[in-house]
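Structural features, examined
In case you want the letters, here they are:
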Amino acid sequence: MSVGILILSHPGVGTPLLATARKLLGTLPLATEAFEVDWNADADALLPAASAALRKVESGDGVLMLVDLYGATPARLAEKLSRLGSPAHRISGLSLPMLLRAQNYPEQGLDELARTAAAGARTGVVIDDA
C-alpha cells in the first residue's frame, strides 16, 4: 500500500498539473486524482463527490491533499474530507514541483511525504538573474 494524492483546486488548475506530471513521469507511482471546485460551489454540497474522489486514491496509508489556495473553497473542502476518518494531510500552495517531488518518493509514509512535498514547493521557487 501507499499514500494517495488528491489535488483539490479551482477550475483549470489541478487537472492540467496532473496531466503535466503524467507527461513528465509517465505512470505515476502514487494513485493521484484531481478534483476541481467550481467558483461558486458550496463545500458541503460537494462533499459526497469529493469523498468519492478521495476513496479512489485511498489504499489504507492515508491521503495527501494538495490544494491551490489556503482558505479558499478547495482548502475548506479538504478540511472537511480530513474529518471523514481516513488519515490525511492538507498542503496549500499547489505547484508542479510539489506534485513531482511527492511522486518521486512513493515509499514514504504520510507524514514524511507531506514534508517532502512541501520542501519540493519551496525548492521549486528559484530567482534567476538570467
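Our structure's up above, just so we're on the same page.
A few points on the structure.

The sheet contact formed by strand β1 (residues 4-9) and strand β2 (residues 32-36) spans five bridges and is parallel. Within β2, the residue paired with Ile5 across the bridge is Thr32.

Right, let's talk about the packing of helix α2 (residues 43-57) against helix α3 (residues 73-82) for a bit. α3 packs onto α2 with a crossing angle of 65° between their chain directions and a minimal axis gap of 9 Å. Where α2 crosses over α3, the handedness of that crossing is right-handed. Residue-level contacts link Ala43, Asp44, Leu46, Leu47, Ala50, Ser51 and Leu54 of α2 to Thr73, Leu77, Lys80 and Leu81 of α3.

Take the pattern of salt bridges next. Taken as a whole and judged by the stated rule, the model has three salt bridges. Between Lys80 and Asp44 there is a salt bridge, and its shortest N-O distance comes to 3.0 Å. Highlighted residues: Lys80 in helix α3 and Asp44 in helix α2, separated in sequence by 36 residues. In this structure Lys80 comes out as partly exposed when scored by relative accessible area, which is 23%. Note that Glu79 and Arg83 form a salt bridge whose closest N and O atoms lie 3.4 Å from each other.

Thresholds applied
- Throughout, residues of each chain are indexed from 1 in the direction in which the sequence is written.
- Predicted model: local features are reported for residues with pLDDT of at least 70 only, side-chain atom pairs are reported and counted for 80 or more only, and whole-chain, interface and lining totals are derived from all residues.
- Each side-chain value is worked out from all heavy atoms of the structure, with water and hydrogens disregarded.
- Following DSSP output, two strands are said to pair if at least two bridges run between them.
- Helix and strand labels come from DSSP, where a helix needs a run of H or I of at least four residues and a strand needs a run of E of at least two; each type is numbered from the N terminus.
- Between N-to-C directions, angles cover 0 to 180 degrees, with each direction set by a line fitted to C-alpha atoms, over the stretch in contact for helices.
- In this scheme the handedness of a crossing depends on how the near helix is turned from the far one: anticlockwise by less than a right angle means left-handed, clockwise means right-handed.
- Two residues qualify as a contact provided that any one of their heavy atoms is within 4.5 Å of a heavy atom in the partner residue.
- Salt bridges are defined by distance alone: a side-chain nitrogen of Lys or Arg within 4 Å of a carboxyl oxygen of Asp or Glu.
- The cut-offs for exposure are 20% and 50% of the maximum accessible area for each residue type, with area from a 1.4 Å probe on protein chains only; residues under the lower value are buried, those over the upper are exposed, and the others partly exposed.

Geometric descriptors of this kind do not, in isolation, establish any biological role.
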